[in-house]
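# An overview of the molecular structure
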Amino acid sequence: MNGTKKVESSLAAKLMEIGFSCTRCGDCCRAGSGDDNLVMVTPREIRAISGFCGLQAADIAEPYPESVELPGGRSVTFGRVLRRRPCGDCRFFSGSSCLAYPVRPSICRTYPFMLDGDELRVFPCRGLGNPLAEEEALCIARDLVRRSAEEEEEAGRIRAILPGVPSRPGRFLVDSEGVSER
Ligand code: SF4
């Protein structure tokens, strides 16, 4: 068994111990469920949703709501989040289902779990504690490991792009593919 497979398999064992089965309550997609339903989304994920739903990128995601002030009158926002309706629900949440389900972002795919380095973090969810089959646990474990690697790669690209923020005053958005003016 190689290193990655070992990590996935031990993660899957932990997940089975915790137990999880989605109850389709939609709490993680709606506003006001006690947890933040802000979903960070990468340029690649936006393209996947765009291809699946036939929407323009601007209708799918918007800049992250907070920004960082840099010297020289520059305000920089890092990355984008899925758009939400005025009520705060995700714009893809409909009834009890997700209109972008097959191409939903990795944050949605792995909720209520997240890898923080080697540590497994667990967020509030009604589905926790339900029986989880080994095959399903392995799928979630693989998604978690993939998500963690992708997030690291995204962060590395953003760090490399950051020095390219223009020196003139303005509002800029930095993602893993470049800098744009807002
Ligand atoms: S993209 Fe789908 S799964 Fe993710 S928050 Fe929106 S409705 Fe929920």
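## Some remarks on the packing of helix α1 (residues 3-18) against helix α5 (residues 134-161)
It is at 8 Å that the axes of α1 and α5 come closest, and there the two elements cross at 125°. Classified by the angle their axes make, α1 and α5 are oblique. Pair α1 / α5 crosses with right-handed handedness. The segment α1 lies against α5, with T4, V7, E8, S9, L11, A12, L15 and M16 engaging E134, A137, L138, I140, A141, R142, L144 and V145.

## With respect to the site of the ligand
Taken together, C29, V39, L82, C90, F92, F93, C98 and C108 are the residues near the ligand. Of the residues that constitute the shell around the ligand, the class distribution is 8 nonpolar, no polar and no charged.

## Concerning the pattern of salt bridges
What the rule picks out here adds up to 12 salt bridges. With a closest N to O distance of 2.8 Å, R147 and E151 form a salt bridge. Here E151 and R147 lie together in helix α5, a separation of 4 residues that amounts to about one turn. On the basis of relative accessibility, which here comes to 7%, the residue R147 falls in the buried class. Its relative accessible area of 33% is what places E151 among the partly exposed residues. Each of D27, R30 and R126 takes part in one network of salt bridges that share partners.

## Here's the deal with the packing of aromatic side chains
A ring pair, where both rings are aromatic, is described by two values, the distance of the centres and the angle of the planes. Scanning the model with the defined rule gives 2 aromatic pairs in all. Ring plane angle 85° and centroid distance 5.6 Å describe the contact between F20 and F113, whose orientation is recorded as edge-to-face. Linking F20 in the loop between α1 and β1 (40-41) with F113 in strand β8 (residues 113-116), this pair joins segments that are 93 residues apart in sequence. Their ring planes at 20° and their centres at 6.1 Å tell us that Y111 and F123 sit as a pair that is stacked. With Y111 in the loop between α4 (106-110) and β8 and F123 in the loop between β9 (119-122) and α5, this residue pair connects regions lying 12 residues apart in the sequence. Since its relative accessible area comes to 18%, Y111 is described here as buried. In this structure F123 comes out as partly exposed when scored by relative accessible area, which is 22%. Taking NZ or CZ as reference, R91 lies 5.0 Å from the ring centre of F92, over its face. Taking the ring centre of Y101 as reference, the NZ or CZ of R104 above it sits at 3.8 Å.

## With respect to helix α2 (residues 43-53)
Residues of α2 that are buried: P43, E45, I46 and I49. The arc enclosing the buried residues of α2, seen along the axis, measures out at 160°, which places them on a common side. Two residues or fewer past α2, G54 is found with a positive phi of approximately 70°.

## Considerations on unusual backbone geometry
With an omega of 10°, the peptide bond between Y111 and P112 qualifies as cis. With respect to the secondary-structure elements, P112 resides in the loop between α4 and β8.

## Side note on the sheet that holds strand β5 (residues 80-82)
Across the sheet, which stays open at both edges, the 3 strands sit in the order β1-β5-β2 with antiparallel pairing between neighbours. Unpaired on one side and paired on the other, β1 and β2 (61-63) mark the two borders of the sheet. The sheet contact formed by β1 and β5 spans 2 bridges and is antiparallel. Residue V41 lies in a different strand from β5, and its bridge partner there is R80.

Cut-offs used in this document
- Residues numbered from 1 in each chain as written.
- Predicted model: local features only at pLDDT ≥ 70, side-chain atom pairs only at ≥ 80, totals over all residues.
- Heavy atoms only, no water.
- Axes fitted to C-alpha atoms, helices over the stretch in contact; angles between N-to-C directions.
- Helix = DSSP H or I, 4+ residues; strand = E, 2+ residues; numbered from the N terminus.
- Parallel < 35°, antiparallel > 145°, perpendicular 65-115°, else oblique.
- Left-handed = near helix turned anticlockwise from the far one by under 90°.
- Contact = heavy atoms within 4.5 Å.
- Near = heavy atom within 4 Å.
- Nonpolar A, V, L, I, M, F, W, Y, C, P; charged D, E, K, R; others polar.
- Salt bridge = Lys/Arg side-chain N within 4 Å of Asp/Glu carboxyl O.
- Buried < 20%, exposed > 50% of the residue type's maximum accessible area, 1.4 Å probe, protein only.
- Phe/Tyr/Trp six-rings, centres within 6.5 Å; stacked < 30°, edge-to-face > 60°.
- Lys NZ or Arg CZ within 6 Å of the ring centre and 35° of its normal.
- Arc of directions from axis to C-beta.
- Pairing = 2+ DSSP bridges.

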